[in-house]
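Each chain is listed here by its residues.
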Amino acid sequence: MPESHPTNPGPMPSLVLVEPLAPPSLTSHKAIAIVKANFGYPSDMPDSIWRTEYGGYQHWYPRPGEPRTVQPLRVTDVWKITATGERLVDYFIPGPDRDRTPDPNYVMAILIDDKARAIFEHRQYPLD
């Protein structure tokens with residue numbers, strides 16, 4: 001079953017990446033290491049659980065100091081790192097039910113800002 005994109009992301013843009021603005025400064029392994037450290041996953045967790053993709057993420061967020069009525073479309077280069085609940089069955093998906101086995105029909109998606117080397121956004125969504 002292929003991973004898909006949120007069918008109804010609400011006010012947030014889609015997680016489909018566009019052409020990046022610049023070549024990556026991180027490697028996929030370093031981006032995965034940021035995910036592991038941020039969410040408390042064990043360092044020996046296999047990288048094969050995660051799927052990675054590099055590209056530009058279009059978002060509508062105004063910068064600090066800009067009027068809230070201005071919502072320009074911006075692109076930030078990110079690593080999109082995803083895992084299905086099935087691949088995370090021996091680990092937890094952050095959220096209110098950390099003790100439950102992750103749902104195999106859901107995807108955890110984390111965007112790592114390539115330049116800032118930090119979590120840009122994360123969310124979960126159902127597989128189509």
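It should be noted that the structure appears before, not after, this text.
Residues numbered from 1 in each chain as written. Predicted model: local features only at pLDDT ≥ 70, side-chain atom pairs only at ≥ 80, totals over all residues. Heavy atoms only, no water.

1. Notes on the pattern of salt bridges
Counted only if it meets this: Throughout this description, the term salt bridge denotes a Lys or Arg side-chain nitrogen within 4 Å of a carboxyl oxygen of Asp or Glu. Comment: elements are numbered from the N terminus, with helices defined as DSSP H or I runs of at least four residues and strands as E runs of at least two. Relative accessibility under 20% of the residue-type maximum defines a buried residue, over 50% an exposed one, and the middle range a partly exposed one, all with a 1.4 Å probe and only protein chains included.
As enumerated under the stated definition, the model contains five salt bridges in all. One salt bridge connects Asp 47 with Lys 36, and the closest N-O pair in it is separated by 2.8 Å. Taken together, the residues Asp 47 in the loop between α1 (28–39) and β1 (51–59) and Lys 36 in helix α1 connect sequence positions eleven residues apart. Exposure remark for Lys 36: the relative accessible area of 9% places this residue in the buried category. The salt bridge involving Glu 121 is made with Arg 123; its shortest N-O contact spans 3.0 Å. The two residues Glu 121 and Arg 123 agree in class, both being buried. One continuous salt-bridge network, built from bridges that share partners, spans Asp 77, Asp 114 and Lys 115.

2. What to know about the packing of aromatic side chains
Rules: Here is the rule: rings of Phe, Tyr and Trp (six-membered ring for Trp) pair when centre to centre is within 6.5 Å. Planes less than 30 degrees apart are stacked, more than 60 are edge-to-face, and the remainder are tilted.
Taken as a whole and judged by the stated rule, the model has four aromatic pairs. Both rings, one in Tyr 57 and one in Phe 120, keep their centres 5.8 Å apart while their planes meet at 80°; by these two values the pair is edge-to-face. Of this pair, Tyr 57 sits in strand β1 while Phe 120 sits in strand β4 (residues 118–126), and the two are 63 residues apart along the sequence. Judged by its relative accessible area of 0%, Tyr 57 is buried. We classify Phe 120 as partly exposed; its relative accessible area is 28%. Aromatic rings pair up to connect Phe 39, Tyr 41 and Trp 50 into one cluster.

The values are spatial; any link to function lies outside them.
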